[in-house]
Number of protein chains: 2
Amino acid sequence: MTALKINETSEQTKENSLAIAAQKTQRGARELAGFSSEVKNQAIEAIAQALEDHAPEIIAANQADCEAAAQEGVAGALQARLKLDAGKLKAAIAGVRDVGRLPDPVGAVQLHRELDTDLVLTRLSCPLGVVGVIFESRPDAVMQISSLAIKSGNGVILKGGREAVRSCTALVKAIHQGLASTQVSPDVVQLLTTREETLELLSLDQYIDLIIPRGSNAFVQFIQSNTQIPVLGHADGICHLYVDRGADFTKAINVTVDSKIQYPAACNAIETLLVHADIAADFLPLVAAELTKHGVELRGDDRTQAIIPTIPATEADWAMEYSDLILAIKVVDDFNHALDHISAYGSKHTEVIVTEDVAIAQTFLKQVDAAGVFHNCSSRFADGFRYGFGAEVGISTHKLPPRGPVGLEGLVTYKYQLVGNGQMVASYTGAAAKAFLHRDL
Amino acid sequence: MTALKINETSEQTKENSLAIAAQKTQRGARELAGFSSEVKNQAIEAIAQALEDHAPEIIAANQADCEAAAQEGVAGALQARLKLDAGKLKAAIAGVRDVGRLPDPVGAVQLHRELDTDLVLTRLSCPLGVVGVIFESRPDAVMQISSLAIKSGNGVILKGGREAVRSCTALVKAIHQGLASTQVSPDVVQLLTTREETLELLSLDQYIDLIIPRGSNAFVQFIQSNTQIPVLGHADGICHLYVDRGADFTKAINVTVDSKIQYPAACNAIETLLVHADIAADFLPLVAAELTKHGVELRGDDRTQAIIPTIPATEADWAMEYSDLILAIKVVDDFNHALDHISAYGSKHTEVIVTEDVAIAQTFLKQVDAAGVFHNCSSRFADGFRYGFGAEVGISTHKLPPRGPVGLEGLVTYKYQLVGNGQMVASYTGAAAKAFLHRDL
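Residues numbered from 1 in each chain as written. Chains lettered and ligands numbered in written order. Predicted model: local features only at pLDDT ≥ 70, side-chain atom pairs only at ≥ 80, totals over all residues.

### Some words on the overall build of chain A
Logical step 1: Scanning chain A from terminus to terminus reveals 15 helices and 17 strands.
Logical step 2: The C-alpha extent of chain A, read off along each of the three principal axes, is 80 × 70 × 50 Å.
Logical step 3: Every one of the 441 residues in chain A was classed for burial, and the buried ones make up 51%.
Logical step 4: Across chain A, the fraction of contacts at a sequence separation of at least 24, relative to all contacts at a separation of at least 6, is 71%. (Helix = DSSP H or I, 4+ residues; strand = E, 2+ residues; numbered from the N terminus. Buried ≥ 20, exposed ≤ 12 C-beta atoms within 10 Å, placed from the backbone. Contact = placed C-beta atoms within 7 Å.)

Below you can see the structure in the form of structure tokens.
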């Protein structure tokens, strides 16, 4: 009984301490929401300078992480992602300064309307509040995310991977020292270091307004199913490319190959190729030759197999994100069957049509329900940097905004400000009701 | 065992039939998403005409509902809401035509950018897909919601109250007959009539993109905790009015009284009055006299009770939405204590400050986290019609958009269309990488 009691107390204290820390971040963020772009940019520059000043400690801490990872036999790819040497750190600090130069997403006037004389409604963008970011390895995420959060007026609670704990701690220490000399409270950037804290973080819906998970599909799925807090992210990316009867074969082959092989592990790579029956016999051998040349394994339905040799595709193939050099191929009767297949199996990420038939392309762009609908170009363009957002906070396959690749605007929401002169609603109701002006300013 | 088997089968058949119906609505909506404003407006006019043509049947069906409700001893207020006589029907049909005249929320270009020559990105508003609307009594909701859904290019699945089943069925029959003569499939408007179907509806996240509940707080809360589908709505509205040290007393009294008594059951009525300590002794007696004159019950904290007689307020009062002529009053040390109280107890709906101190007002508008932040005007202005939206689909207290009173734009999302000429991402990477133009058009 005594042991149990002690456990309970220690549990409770830890929980309280995380909630208290989150509350401090929330308070800091409330203040930050009121600061000008200039004050926020000064804070970002102070962070960049502090990171430069503390480079030796940061690199040493990272070396200790890397050595521990090597001793524990961590996989090579993970060790590579973990590494933060002088060159990588310099690039990341340049990235922090780039964020400083981005336009301020806060304070944009989206609506400005005189409801009546001296009663003015303004809808303007404002910070979300506090963002929780949970990421695996890559300690450089700390710098990018902290600067994006401050730029958008948000507090941030960071949870990095266990293997990067020394690096993340050194980075956040430098960030805190940088902020100490500015108007922005160091409380706005918090670091969590234990796995247990992740689960607690997911329960703090009173203090955290958005969770951004960065990691594998399974990781994102775990986060999504363990929190009431909105999650910016997506668990899968099953993207299709439909080669229409009216396709230019050269474009179709180029776009198919690029969409599959340019980076197969990316969520915006295609998993299934849909080919119109009228051109399948001519097109499939050509595209298969190119794909095979690049080492892509093909899995075809019966009609595909009647034209080219492939591994037989099963029902499971249509619903699978290979994230690898594998492509499922299906011959469809017509455009509507392509749409039905995409509607049934697509994850609303990015869908592509290749055709010279502009009317068909227009219908595809209108009717296909996905964050990105592309005509005659690679699915791999679905990316915040390629879209020119300057930064990518995440990619969302939710239907409600923000949708698709999300830049800084994913870290802001909006509010309605109404400024009057003592007006009452009673004056605008009943027999002698005043009329509203509703005049946009 | 036999009985159990029969139940299972019938359960399954019913479930399938609802899923099949939802799929039909989804297909109809996909087609609808491609139609022009003109085609959608023709469909809305056809609905208005069909409702006029079927007015006698609709009114007769409603009379049968009303008689049944009277026999069952349904509460008077509910019976009043249920009633749809010739006058109310005429007004509702006029409302349908009003929706036809609203600007089309679909197809608005939010971003138009040349990524490179012949590679153009467009972000534009598009329908959500299928919206599920669950409402209590008021059969006129059927007409308003169906026309709003079609205007915004969405299919809609309606679930009305049991007591309004005859009215809703007659209305939807007329709507279907109206749509039959247009390009828009009657499948886009579906009506469910049994309570069991509500729970099934909430599980159809494959076919339904947004749920809009219209009813009591408890009802909305039930919906929210029983579905994975996004819900547009809010379960509570705890709004505060803070009377600052720098307030004009006349304005403060007028705005307080209007915010409390103009429609106490509304979510945008205030529940708590916060008063700066420096003016409490002068202000509280004046405002209390006016509130008491209008029958408002006052519940005060200790410092309030030292100035005016009130019922003692307990901790529970700060967290309660009275929806009635009751007002909790608290004296706060200063502006920051007011902000802390609002942050702790507010439901992020609408928060008001009354002050002549413009700097303090500005800080309030910036730092208070709510869908509506008001200065020197009644909280009751937080309403889609008063904001000039032409229609109000719902009010959201979520932090992510859409937030606050939501008009037609709450029924649309956006997508990115990228139109190219065979471009591959490989051309923009590596040693000989092409640069993006990122030129806004």
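### Comments concerning the interface of chain B and chain A
Logical step 1: Listed per partner, the contact involves 57 residues of chain B and 57 residues of chain A.
Logical step 2: Of all the elements in the fold, those that place two or more residues in the side of chain B that touches chain A are strand S1 (109–116), strand S2 (119–127), helix H10 (249–261), helix H15 (358–367), strand S13 (372–377) and strand S16 (412–423) of chain B.
Logical step 3: Top element by residues in the side of chain B that touches chain A is S16 of chain B. It accounts for eleven residues.
Logical step 4: Both strand S16 (residues 412–423) of chain A and S13 of chain B contribute to a ladder of five bridges, which runs parallel. The partner of Gln417 of chain A across the bridge, within S13 of chain B, is Val373 of chain B. (Pairing = 2+ DSSP bridges.)

### Focus on the relation of the copies chain B and chain A
Logical step 1: Relative to chain A, chain B is turned by 180° and slid 0.0 Å along the rotation axis, the superposed coordinates differing by an RMSD of 0.0 Å. The transformation just described matches what one would write down for a two-fold rotation axis. It is Pro401 of chain B whose C-alpha, among those of chain B, lies nearest the rotation axis, at 3.4 Å.
Logical step 2: When the interface residues of chain B are mapped onto chain A, 100% of them again fall at the interface, so both copies present the same face. (Least-squares fit on C-alpha atoms with pLDDT ≥ 70 in both.)

### Concerning the nonpolar core
Logical step 1: Within the largest apolar cluster, 77 residues are counted, with the highest numbers of intra-cluster contacts made by Ile47, Val96, Val131, Val156, Leu171, Ile208 and Ile211 of chain A.
Logical step 2: Ignoring sequence-local partners within four residues, the contact set of Leu171 of chain A consists of Ile58, Pro139, Val142 and Met143 of chain A.
Logical step 3: Grouped together as the second largest cluster of nonpolar side chains are 76 residues, Ala29, Ala33, Leu202 and Val393 of chain B included. (Core = buried A, V, L, I, M, F, W, Y, C linked by C-beta atoms within 7 Å.)

### A closer look at the environment of Ala269 of chain A
Residues and elements named next belong to chain A.
Logical step 1: Mapped onto the elements of the fold, Ala269 is located in the loop between helix H10 (249–261) and strand S8 (270–276).
Logical step 2: Note: C-alpha distance between Ala269 and Gly160 (109 residues apart in sequence) is 27 Å.
Logical step 3: Apart from the residues lying within four places of it in its own chain, the contact partners of Ala269 are Cys239, Ser259, Lys260, Tyr263, Pro264, Ser379 and Arg380.

### Considering unusual backbone geometry
Residues and elements named next belong to chain A.
Logical step 1: In this chain, Pro401 is followed by Pro402 through a cis amide linkage whose omega measures -5°.
Logical step 2: Topologically, Pro402 is positioned in the loop between strand S14 (394–396) and strand S15 (404–406).
Logical step 3: Look at Asp118: it is not a glycine, yet its phi comes out positive at around 60°.
Logical step 4: Judged by the 13 C-beta atoms lying within 10 Å of it, Asp118 is partly exposed.
Logical step 5: One non-glycine residue, Lys348, lies in positive phi territory at about 60°.
Logical step 6: Position of Lys348 among the secondary structure elements: in the loop between helix H14 (335–345) and strand S12 (350–354).
Logical step 7: We classify Lys348 as buried; it has 25 C-beta atoms within 10 Å.

### Here we look at the domain arrangement of chain A
Much of the literature gives interface size as the accessible area that the parts lose upon coming together.
Logical step 1: Examined at the domain level, chain A breaks down into domain 1 (15–102 + 125–224) and domain 2 (239–381).
Logical step 2: For domain 1 of chain A versus domain 2 of chain A, the distance between C-alpha centres works out to 39 Å. (Domains from an automatic or database assignment.)

### Considerations on the sheet that holds strand S3 (residues 130–135) of chain B
Consider a sheet: its strands pair through backbone hydrogen bonds, and that pairing is either parallel or antiparallel.
All names here are of chain B.
Logical step 1: Read across the sheet, four strands follow the order S5-S4-S3-S6 without closing on themselves; strand pairing throughout is parallel. Two strands close off the open sheet at either side, each with one partner strand: strand S5 (189–192) and strand S6 (210–214). On average, adjacent strands in this sheet sit at an angle of 20° to one another, irrespective of strand direction.
Logical step 2: Here five bridges tie S3 to S6, and the two strands are oriented parallel to one another. When the sheet's bridge partners are listed, Ile134 is paired in S6 with Pro213.
Logical step 3: Most of the contacts of helix H6 (residues 140–151) go to strand S4 (residues 155–159), to which it runs at about 165°, and overall it touches S3, S4, S5 and S6. (Axes fitted to C-alpha atoms, helices over the stretch in contact; angles between N-to-C directions.)

### Focus on the pairing of strand S2 (residues 119–127) of chain A
All names here are of chain A.
Logical step 1: Looking at chain direction, strand S1 (residues 109–116) and S2 are connected through six bridges and run antiparallel. Following the sheet pairing, Glu114 is matched in S2 by Val120.
Logical step 2: In this antiparallel pair of consecutive strands, S1 and S2, the connection spans two residues, and Asp118 shows a positive phi of 60°.

### Side note on the sheet that holds strand S4 (residues 155–159) of chain A
All names here are of chain A.
Logical step 1: Ordered by their spatial adjacency, four strands build an open sheet running S5-S4-S3-S6, and the pairing between neighbours is parallel. Both edges of this open sheet fall to strand S5 (189–192) and strand S6 (210–214), since each of them pairs with a single strand only. Each neighbouring strand pair of the sheet contributes to a mean axis angle of 20°, computed without reference to strand direction.
Logical step 2: On top of the sheet, helix H6 (residues 140–151) reaches strand S3 (130–135), S4, S5 and S6; it is set at about 165° to S4, its chief contact.

### Side note on the pairing of strand S11 (residues 326–332) of chain A
All names here are of chain A.
Logical step 1: In terms of burial, S11 is a largely internal element, six of the seven residues being buried.
Logical step 2: When strand S9 (residues 297–300) meets S11, the two strands line up parallel, connected through four bridges. Within S11, the residue paired with Glu297 across the bridge is Ile326.

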